[in-house]
Amino acid sequence: MRLHDFIPSSRANGPGLRAVLWLQGCSRRCPGCCNPATHPPQGGISMGVADLWRGLKPLSGALEGLTLSGGEPLEQLQGLLALLQGVRLESRLSVILFTGWTFEEVGALPQADSLLSCVDLLIAGPYDPRRHLASRLRGSSNQTLHFLTDRYCAADLERVPEAEVLITPAGEVLCTGVDGARPAAGLAPHPGEGGAP
Ligand code: SF4
């Protein structure tokens, strides 16, 4: 898989404490996309699914869930599906998936049932700057929320902050969350910012 970025703990990318993985590559090129560095398919780093899950699994006991964003995760469907099936089989992590595809486009995938069975909350649709929202995990109001299991409901999103500022062990300051592309004054946005693709 091509990975753009990863943070091991966030509270602004879904309910509870979550790891966040941004996948590299998106061919949609939406105007106003907050994360254009994720677009080139050959950017980021390459890692096999087994190695990725081997790195993630030891963190899972301290986390509520895993959030996947991009870039466009569905452009790496086979790897994504293999990763999420491992998460489902071998952990209790909840899964939140952001995609720029509409729910109808996701449903037309041949593997739609397998994919959606591994996801608790799907946030679907491309970011549209004319309908900027930056609230409750939606970057814009055209994006749709799909609660696919009983793990979460709309009320759970009310306690998710729109943005957070993190300081990495290396001292790097980064902003993330659905409004993470709008950093606090004086802070540079992190290349992996933005909860909504
Ligand atoms: S908003 Fe999402 S789907 Fe659109 S270009 Fe950006 S990453 Fe791709």
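For the structure itself, look to the data block above.
Throughout this document, residue positions are counted from 1 along each chain, in the order its sequence is written. Residue-level local features of this predicted model are given only where pLDDT is at least 70; pairs of side-chain atoms are given and counted only at 80 or more, and the full residue set underlies all totals for whole chains, interfaces and linings. Water and hydrogen atoms play no part in the side-chain values, which are based on all heavy atoms of the structure.

Q: Can you lay out the overall build of the protein chain for me, pointing to particular residues and giving the numbers?
A: Think of it this way: any DSSP run of H or I at least four residues long counts as a helix, any run of E at least two long counts as a strand, and we number them from the N terminus. Helices and strands together make up the secondary structure of the protein chain, namely 4 helices and 11 strands. Radius of gyration: C-alpha atoms only; globule rule: 2.2 Å multiplied by the number of residues to the exponent 0.38. Its C-alpha atoms give the protein chain a radius of gyration of 15 Å, near enough to 16 Å, the size a compact globule of 197 residues would have. In terms of principal-axis extent, the alpha carbons of the protein chain reach across some 45 × 35 × 35 Å. Taken over 197 residues, the protein chain has a buried fraction of 50%. By definition, residues are in contact when any of their heavy atoms lie within 4.5 Å. Pairs at least 24 apart in sequence give 62% of the contacts found in the protein chain among residues at least 6 apart. Per-residue accessibility, obtained with a 1.4 Å probe over protein chains only, is compared with the maximum for each type, and a residue is labelled buried under 20%, exposed over 50%, and partly exposed between these values.

Q: If you had to explain a nonpolar patch on the surface to someone new, which residues and values would you point to?
A: Residues qualify for a patch when their relative accessible area is over 30% and they have no salt bridge, like charges being joined within 9 Å and the nonpolar side chains of Val, Leu, Ile, Met, Phe, Trp and Tyr within 5 Å. Here the accessible surface of atoms and residues is derived via Shrake-Rupley with a 1.4 Å probe, and residues count as covered only by protein chains that are part of the display. Between Lys or Arg on one side and Asp or Glu on the other, a salt bridge is scored when a side-chain nitrogen of the former is within 4 Å of a carboxyl oxygen of the latter. Side chains of V165, I167 and V173 sit close together on the surface and give an oily, nonpolar patch of about 260 Å² of accessible area. Mapped onto the elements, V173 comes out in strand β11 (residues 173-176).

Q: Would you mind going over the pairing of strand β7 (residues 132-135) in detail, with residue names and values included?
A: DSSP calls a pair of strands paired once it identifies at least 2 bridges connecting them. Bridging between β7 and strand β8 (residues 138-140) involves 2 bridges; their strand directions are antiparallel. Looking across to β8, one finds that S135 is bridged to R138. Between β7 and β8, which pair antiparallel one after the other, the connecting turn spans 2 residues, and R136 there sits at a positive phi close to 50°.

Q: Describe in detail helix α2 (residues 77-90), supporting the description with residues and values.
A: What a helix should span is 1.5 Å times the count of its residues minus one. Here α2 is 14 residues long and its end C-alpha atoms lie 20 Å apart, about the 20 Å a rise of 1.5 Å per residue gives. Residues of α2 that are buried in the fold lie against β2 (18-23), α1 (49-56), β4 (65-69), β5 (94-99) and α4 (112-116).

Q: Lay out the pattern of salt bridges with the relevant residues and their values.
A: Going through the model one piece at a time under the given rule, you end up with 7 salt bridges. Note that D120 is salt-bridged to R88, the shortest N-O span being 3.1 Å. Taken together, the positions of D120 in the loop between α4 and β6 (121-124) and R88 in helix α2 put the pair 32 residues apart, joining distant regions of the chain. Judged by relative accessible area, D120 falls into the buried class, the value being 3%.

Q: Which residues make up the environment of S46, and what values go with them?
A: Tracing the sequence through the fold places S46 in strand β3 (residues 45-46). Spatially, the C-alpha atoms of S46 and R2 are 4.5 Å apart, while their sequence positions differ by 44 residues. If sequence neighbours within four positions are ignored, S46 has contacts with M1 and R2.

Q: I'd like a description of the side chain of Q24, backed by residues and values.
A: Inspection of the secondary structure puts Q24 in the loop between β2 and β3. Counted as a polar contact is a pair of N or O atoms within 3.5 Å, where, for protein atoms, one must be capable of donating a hydrogen and the other of accepting one, and residues adjacent in sequence contribute only when both atoms are in side chains. Polar side-chain contacts of Q24 include one of 2.8 Å to the side chain of H4. The contact partners of Q24, leaving out residues within four places of it in the chain, are R2, L3, H4, A37, T38, H39, P40, P41, G43, G44 and Q76.

Q: Any chance you could break down the nonpolar core for me, citing the residues and the numbers?
A: The biggest cluster of nonpolar side chains holds 31 residues, and the ones touching the most others in it are L68, L74, L80 and L115. It is α2 that provides the largest number of residues to this core, a total of 6 residues. Throughout, nonpolar core names a set of buried Ala, Val, Leu, Ile, Met, Phe, Trp, Tyr and Cys residues whose side chains join them through atoms within 4.5 Å. Formed by 7 residues, the second largest nonpolar core is a distinct cluster that contains L121, I123, L137 and V160.

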